[in-house]
Amino acid sequence: KLQNDQKLVNALKPPEAHVNLNPVLDSDAEVEHMQQAPPDPNQQNVLKEVKQYGPKAVFKDGILGNYEPKNIPQITGPGEGGEPVYISMAEKAQGDRSTQEFGFNMVASDKISMTRRVPDTRMDECKYWDYPSASQLPKASVILVFHNEGWSTLVRTVHSIINMSPKELLHEIVMVDDFSDKPHLKDKLAEYLKQFDGLVKLFRNTKREGLIMTRTLGAKYSTGEVIIFLDAHCECNYNWLPPLLARIAYDRTIMAVPIVDGIDWDNFRYAPVYSKEHFRGIFEWGFLYKESRVPDRELNTRAHDSEPYKAPTHAGGLFAMDRKYFFEMGAYDEGMQIWGGENFELSFKLWQCGGSIEWVPCSRVGHVYRNHMPYGFGDINPKIPVILLNYMRVVEVWLDDEFKEYFYTREPTIRGYDIGDISKQLQFKKDHNCKSFKWFMENVAYEVTDKFPYPPPNKAWGEIKLRNGYSCIDTLNKPLGQPIGIGGCHHYGGSQLFRLNVEGQLANGERCLAARSKGMGLEVCPVKQSGPWDWNENTGLIRNKDLNKCVQAIGSSGLELRECNQNESNQQWEIKKIKTW
Ligand code: LR7
Ligand code: MN
């Protein structure tokens, strides 16, 4: 799974200077805020004019907020309160089969009530906010796009949205079936949804569109003022909706993002991913999505720790936006396919062209993280070039030239790939006087380079092949720390694709190669983008400068560090560029 293993805690960074801007909730500060950012009628940027400063939330210490639930029933049963559910030995085989099919253990999910209570994972402070009254808040269309989802996880999402949202704020739920072929998603689903008396609307694609295009279609079908996208396997937490809507009522150019809690794919335990510290979405230069601790520079702009904070990007699946503004911003790039990168496209576009993104600590929604991605990409395969194509469209449209190069250093195989027409996106950028990526990096995503410094250029990249043989160095998909080895060259990249940079760092994807006892193993790349490796094009030796030893193939699958010997054919390597498309 591409997005696994991605939470970095920034423990090394010294606290930054205290930049205490105006507390957002103080009424004097409110006036100042207005003075600092008035809509400027002479501004060329049309999108700026739509900014408005509407009603806000108010903190009332000790007094329960106006939307807080009063009597939460004490129900007992499997999974209640977010407790894990375990299946019996007799059910295990069926559980495993369902995990293969859906990425979730549906046997466990099926045991849990459609209306189970979840644990309240919010900060205590969250209970004491008053949000604008329902007449002052926009109404929401919640959009669920789905492709071959399991039954109980999908239907529980619908029940959860309805149970956890104030009636007067939920305009509708729009479900869009992205050409599923599972029988339970046909008539059975349409019949089931009738009990909601038209509140839940079901649309179906006539061909596989992928989640990106399907979301735009869902937004088109919906009629509420605010659209909220959720994945089709979510459970909403207490009072999740008003805090999101309040930010959009205040300023319709804000994308409001709930904090995502984790629901286990195997036992459906509901638990916070983050409880004490605030995290926000960033990225590395291959555009793998990352989350890291919010810098104090941002945290200190707020008066209460439960207030929303700005974020460079978001995971993609769960967020709220003014519906009209979503279309004013061109919705999603229609050239992006199936899965991946759309979160960056929308994020960079928003920030660079006058909008912003906020994560809202008092709004929490649980998401079932899959065991694996169970579906294919329809006719367009393989998956990796599709995802890289999406990233490349983002890079070619939104990054300045100097930054594009970092992406191609990190993903060298995709350079030159035909990404189709991006003229519409480039025209949008021009028409809206969008700011540069450099501006974005300096003012919004300023912590990214602390964790992911700009990569130095590659000295060589490709498969690392024995000169006189058919074996290639291969991670063998080994976990971190385990010795890697060699395998028959397959020319597909993946576990056999390596990059050696001019500073001696040797990496596969986002993992670096380190000496491990006698051989080589993967490790999390050190922040400093340098390493001990060198490759001599003439002799073919790959030398570890720290140990003064060379990489040698041993037998049919082993790899060891031995005394360098340029006459040893098992130490003679060539690093050969490959094309994966
Ligand atoms: O072809 C497809 N058509 C679809 O309608 C493929 C998927 N889908 C649906 C699918 O049924 C689901 O409801 O789209 C939704 C998202 O697909 P997932 O759940 O397989 O994606 P994910 O959770 O693995 O991936 C994350 O990254 C994606 C990149 O394109 C999307 O932005 C997902 O929404 C996003 N999920 C989240 O942000 C959840 C929270 C954190 C994480 C990771
Ligand atoms: Mn998901």
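Under the annotation held in an unreviewed UniProt entry, the protein chain carries the name Polypeptide N-acetylgalactosaminyltransferase and is attributed to Owenia fusiformis. Looking at the protein chain in UniProt, the text filed under Subcellular location (unreviewed entry) is "Golgi apparatus membrane". Under Sequence similarities (unreviewed entry), UniProt gives the following word-for-word description of the protein chain: "Belongs to the glycosyltransferase 2 family. GalNAc-T subfamily."

A.B. asks: With reference to specific residues and values, describe the overall build of the protein chain.
C.D. replies: Scanning the protein chain from terminus to terminus reveals 16 helices and 27 strands. Relative to its 581 residues, the protein chain shows a buried fraction of 43%. Considering only contacts within the protein chain whose residues lie at least 6 apart along the sequence, 78% involve residues at least 24 apart.

A.B. asks: Summarise the site of ligand 1; cite the residues concerned and give the values.
C.D. replies: As a structural note, the neighbourhood of ligand 1 is formed by 24 residues, with Asp178, Ala232, Ala315, Gly316 and Gly317 the closest of them. Listing elements by their share of the shell around ligand 1, those giving two or more residues are strand E4 (140–146), helix H7 (210–221) and helix H11 (342–352). The element contributing the most residues to the shell around ligand 1 is H7, with three residues.

A.B. asks: Mind laying out unusual backbone geometry, listing which residues take part and the relevant values?
C.D. replies: We note that Asn148 has phi near 50 degrees; this positive angle belongs to a residue other than glycine. Relative to the assigned elements, Asn148 resides in the loop between E4 and helix H5 (151–164). Its 20 C-beta neighbours within 10 Å are what place Asn148 among the buried residues. At His491, a position not held by glycine, the phi torsion is positive, near 60 degrees. Checked against the element boundaries, His491 lands in the loop between strand E18 (485–488) and strand E19 (498–501). Residue His491 is classed as partly exposed on the basis of its C-beta count, with 14 C-beta atoms lying within 10 Å.

A.B. asks: Which residues make up the pairing of strand E15 (residues 356–368), and what values do they have?
C.D. replies: For E15, a buried count of 12 out of 13 residues is recorded, marking the element as mostly surrounded by other parts of the structure. Pairing of strand E8 (residues 234–236) with E15 involves three bridges; the strand directions are antiparallel. Residue pairing for E15: Glu235 is matched across the bridge by Gly366. Both strand E9 (residues 254–263) and E15 contribute to a ladder of 10 bridges, which runs parallel. Within the sheet, the bridge partner assigned to Ile254 lies in E15 and is Ser356.

A.B. asks: Go over helix H13 (residues 401–410) with me, naming the residues and quoting the values.
C.D. replies: Among all positions of H13, only Tyr406, Phe407, Thr409 and Arg410 are buried. Viewed end-on, H13 has its buried residues packed into an arc of 160 degrees, placing them on one side of the element. Residues of H13 that are buried make contact with helix H12 (383–398) and strand E16 (458–466).

A.B. asks: Lay out the packing of H11 against H12 with the relevant residues and their values.
C.D. replies: Between two packed helices, the angle of one axis relative to the other and the distance separating the axes together describe the packing. Taken N-terminus to C-terminus, the directions of H11 and H12 make an angle of 15 degrees; their axes are 9 Å apart at the nearest point. With respect to their mutual orientation, H11 and H12 come out roughly parallel. Every pair of crossing elements has a handedness; the one defined by H11 and H12 is left-handed. Where H11 approaches H12, its residues Glu342, Phe344, Glu345, Phe348, Lys349 and Gln352 are matched on the opposing element by Asn390, Val394 and Trp398.

A.B. asks: Please provide a residue-by-residue account of the nonpolar core, values included.
C.D. replies: Residues Ile143, Leu144, Ile228, Leu245, Ala256, Val257 and Ala320 are the most contacted members of the largest nonpolar core, which totals 92 residues. Looking at this core, the element that brings in the most residues is H12, giving 10 residues. If sequence neighbours within four positions are ignored, Ala256 has contacts with Leu244, Arg247, Ile248, Phe319, Ala320, Glu358 and Val360. One finds Leu497, Ala514, Trp535 and Leu561 within the second-largest nonpolar core, a separate group that totals 26 residues.

A.B. asks: Mind laying out the confidence of the model for the protein chain, listing which residues take part and the relevant values?
C.D. replies: In the predicted model, the protein chain carries a mean pLDDT of 91, and the fraction of residues at 70 or more is 91%. Across residues 1–46, confidence stays below pLDDT 50; counting only partners more than four residues off in sequence or on other chains, it has 56 contacts. The complex prediction reports pTM at 0.91, with the ipTM value standing at 0.99.

A.B. asks: How would you summarise the pairing of strand E5 (residues 170–177) if you had to cite specific residues and measurements?
C.D. replies: For E5, a buried count of six out of eight residues is recorded, marking the element as mostly surrounded by other parts of the structure. Considered for its hand, the β-α-β crossover made up of E4, H5 and E5 is right-handed. Between the parallel elements E5 and strand E6 (residues 200–204), the chain passes through helix H6 (residues 187–193) in a crossover that is right-handed.

How each quantity is defined
- Residues numbered from 1 in each chain as written.
- Chains lettered and ligands numbered in written order.
- Predicted model: local features only at pLDDT ≥ 70, side-chain atom pairs only at ≥ 80, totals over all residues.
- UniProt positions renumbered as here; feature names shortened; annotations may be inferred.
- Helix = DSSP H or I, 4+ residues; strand = E, 2+ residues; numbered from the N terminus.
- Buried ≥ 20, exposed ≤ 12 C-beta atoms within 10 Å, placed from the backbone.
- Contact = placed C-beta atoms within 7 Å.
- Near = placed C-beta within 6 Å.
- Pairing = 2+ DSSP bridges.
- Arc of directions from axis to C-beta.
- Axes fitted to C-alpha atoms, helices over the stretch in contact; angles between N-to-C directions.
- Parallel < 35°, antiparallel > 145°, perpendicular 65-115°, else oblique.
- Left-handed = near helix turned anticlockwise from the far one by under 90°.
- Core = buried A, V, L, I, M, F, W, Y, C linked by C-beta atoms within 7 Å.
- pLDDT = per-residue confidence, 0-100.
- Right-handed = clockwise from strand over helix to strand, strands pointing away.

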